[in-house]
Amino acid sequence: MTRPVLILLQVSVAVVVLVVWHLFTATSLFGNPANAKFFFATPIDVGGRIVEWFVSGSIWYHLGITLAESMLAFAIGSLGGVAIGFWFARKPLLAMVFDPYVKAANALPRVVLAPIFALWLGLGIWSKVALGVTLVFFIVFFNVYQGVKEVNQTVLSNARMLGMTERQLLRHVYLPSALSWMFSSLHTAVGFAVVGAVVGEYLGSSAGLGYLIQQAEGVFDVTGVFAGMFVLMAFVLVIDAVVTLVEDRLLVWRPQAQVATA
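This section reports on the structure supplied with the text. (Residues numbered from 1 in each chain as written. Predicted model: local features only at pLDDT ≥ 70, side-chain atom pairs only at ≥ 80, totals over all residues. Heavy atoms only, no water.)

## Focus: the overall build of the chain
Thought 1: Scanning the chain from N- to C-terminus turns up eleven helices and zero strands.
Thought 2: Put simply, the chain has 262 residues, and 36% of those count as buried.
Thought 3: By sequence separation, contacts in the chain at least 24 residues apart represent 71% of the contacts at least 6 residues apart.
Thought 4: Put simply, the chain shows about 15,400 Å² of open surface, and 72% of that area lies on carbon and sulfur atoms.
Thought 5: When the 14 positive and 12 negative side-chain charges of the chain are each reduced to one mean point, those points stand 13 Å apart. (Helix = DSSP H or I, 4+ residues; strand = E, 2+ residues; numbered from the N terminus. Buried < 20%, exposed > 50% of the residue type's maximum accessible area, 1.4 Å probe, protein only. Contact = heavy atoms within 4.5 Å. Areas by Shrake-Rupley, 256 points an atom, 1.4 Å probe, with all protein chains shown as cover. Lys, Arg positive; Asp, Glu negative; His and termini not counted. Charge placed at Lys NZ, Arg CZ, Asp CG, Glu CD.)

## Thoughts on unusual backbone geometry
Thought 1: With a phi close to 60 degrees, Ala 41 is a non-glycine residue in the positive phi region.
Thought 2: Mapped onto the secondary structure, Ala 41 falls in the loop between helix 2 (33-40) and helix 3 (43-56).
Thought 3: Not every positive phi belongs to a glycine, and Phe 220 is a case in point at roughly 55 degrees.
Thought 4: Looking at the element boundaries, Phe 220 is found in the loop between helix 10 (209-218) and helix 11 (222-250).

## Looking at helix 6 (residues 110-121)
Residues spaced three or four apart along an α-helix point in a common direction, a consequence of the helix completing one turn every 3.6 residues.
Thought 1: Taking 1.5 Å of rise per residue, the twelve residues of helix 6 would be expected to cover 16 Å, and the 16 Å separating its terminal C-alpha atoms lies within 8% of that figure.
Thought 2: Within helix 6 the residues assigned to the buried category are Arg 110, Leu 113, Ala 114 and Phe 117. With its buried residues spanning 115 degrees around the axis, helix 6 presents them on a single face. More than 90 degrees from the buried face of helix 6, the exposed residues found are Val 111 and Leu 119. (Expected span 1.5 Å × (residues − 1). Arc of directions from axis to C-beta.)

## Some thoughts on the pattern of salt bridges
Thought 1: Under the definition given, this model contains three salt bridges.
Thought 2: Notably, a salt bridge pairs Lys 103 with Asp 99, separated by 3.2 Å at the nearest N-O pair. Of the two residues, Lys 103 and Asp 99 both sit in helix 5 (residues 92-107), four residues apart, roughly one turn of that helix. (Salt bridge = Lys/Arg side-chain N within 4 Å of Asp/Glu carboxyl O.)

## A look at the packing of helix 7 (residues 125-149) against helix 9 (residues 166-203)
What describes two packed helices is the angle between their axes and the distance between those same axes.
Thought 1: Their axes nearest at 7 Å, the elements helix 7 and helix 9 cross at an angle of 160 degrees. Taken together, the axes of helix 7 and helix 9 lie roughly antiparallel to each other. Crossing handedness for the pair helix 7 and helix 9: right-handed.
Thought 2: Classifying every residue of the contact of helix 7 with helix 9 by side-chain character gives 18 nonpolar, nine polar and two charged. (Axes fitted to C-alpha atoms, helices over the stretch in contact; angles between N-to-C directions. Parallel < 35°, antiparallel > 145°, perpendicular 65-115°, else oblique. Left-handed = near helix turned anticlockwise from the far one by under 90°. Nonpolar A, V, L, I, M, F, W, Y, C, P; charged D, E, K, R; others polar.)

## Some remarks on the environment of Ile 44
Thought 1: Tracing the sequence through the fold places Ile 44 in helix 3.
Thought 2: Using a relative accessible area of 60% as the deciding quantity, one classes Ile 44 as exposed.

## Quick notes on the side chain of Ser 127
Thought 1: Along the chain, the position of Ser 127 falls in helix 7.
Thought 2: One polar contact links the side chain of Ser 127 to the main-chain carbonyl oxygen of Gly 122, over a distance of 3.0 Å.
Thought 3: Discounting chain neighbours no more than four positions away, the residues touching Ser 127 are Phe 117, Ala 118, Leu 121 and Gly 122. (Polar contact = N/O pair within 3.5 Å; in protein donor to acceptor, adjacent residues only side chain to side chain.)

Take a look at the structure:
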């Protein structure tokens, strides 16, 4: 299957969803459209609100705030997860000692932590960053840890037999083994970094996409809520595309997966 055909199929799914949504909220095909419009808005109204935000320029400030919070959470959480994941994977005793504490910390509901971070760090940017870090860190940590543990033992033994130092093993054996696992986690971590920022904004802020959604929800502006969510989804897709570009650049040695054809 060629890439243009794949993109066409992906776009077709979105078109079908939008058509069904329009029929549900703007026609009597599925019942009373007035009730449906009140609870779900219409795709035309949502699209109009998004265009209005971008034309007026009011959305850019909020996007900038959320982007800054998300990128800081993503960077700090990812770097911490990679560093500690490698460290624990190379120090089995240390990993066993801290294993129950890591699992207990990962089990904490992040929504409960949001007001605590707001109390500690205030309602500024850093409380949102802290919440995002708690979401990103464990995703990256567990994947990197497992990636290092799954290193090919034959390759590792041969490298040691050839006299590689620990630094060379880290660069040429452990790091390539963990990269696929790490980038797999980063694709998920991107969304969670944004979720952490938006949830923090939703609970207490004066700017950001979460603030926009919370304000619209407070006055029962369903169109504004859906518009904010669609902007948020597009925002995450753009960041994920950047991560994919970096992944393709660093993993050029990896065989490219092909879409199966009939």
